[in-house]
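Residue-level listing of the chains:
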Amino acid sequence: MNVEKLSISLPPSLVEFVENYKLNKGCKSRSQVIEEALELLRNRELESAYREASAEVDNDWNVTIADGLTDETW
């Protein structure tokens, strides 16, 4: 896997959380803990975008599904 090294600064309470999470969940490294956290953030953003997109109304689609055909056999 291609990776880039980053340097981050965290308050002691978050460093302690990361270390405890690593030990309790069997993660191989602090980096793995941070990676999992970032994946959760990415998924939350995607979920929000999907929710927003599904709320959009497409009037052309409404016309298409209401074209009078009730049961088609192909």
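Refer to the structure above for everything that follows.
Keep in mind that what you see is a predicted model, and the values were worked out from it rather than measured. (Residues numbered from 1 in each chain as written. Predicted model: local features only at pLDDT ≥ 70, side-chain atom pairs only at ≥ 80, totals over all residues. Heavy atoms only, no water.)

**Q** How should the pattern of salt bridges be read in this particular structure?
**A** The tally for this structure, following the rule as stated, stands at 4 salt bridges. For the salt bridge of R42 with E39, the shortest nitrogen-to-oxygen distance reads 3.7 Å. In this pair, R42 and E39 are both assigned in helix α2 (residues 30-55), 3 residues apart and thus about one turn of the helix distant. Residue E39 is classed as partly exposed on the basis of its relative accessible area, which comes to 33%. The shortest N-O distance in the salt bridge between E47 and R51 comes to 2.6 Å. Of this pair, E47 and R51 both sit in helix α2, 4 residues apart, roughly one helical turn. The network of salt bridges with shared partners includes E19, K22 and R30. (Salt bridge = Lys/Arg side-chain N within 4 Å of Asp/Glu carboxyl O. Helix = DSSP H or I, 4+ residues; strand = E, 2+ residues; numbered from the N terminus. Buried < 20%, exposed > 50% of the residue type's maximum accessible area, 1.4 Å probe, protein only.)

**Q** Teacher, can you tell me more about the packing of aromatic side chains here?
**A** Aromatic ring pairs are described here by two measures, namely the spacing of the ring centres and the angle between the planes. Enumeration over the complete set of coordinates arrives at 1 aromatic pair. On the numbers, 6.1 Å between centres and 35° between planes, the contact of F17 with Y21 is tilted. Residue F17 and its partner Y21 are both found in helix α1 (residues 12-25); the two are separated by 4 residues, about one turn of the helix. Overall, the relative accessible area of 26% leaves Y21 in the partly exposed class. (Phe/Tyr/Trp six-rings, centres within 6.5 Å; stacked < 30°, edge-to-face > 60°.)

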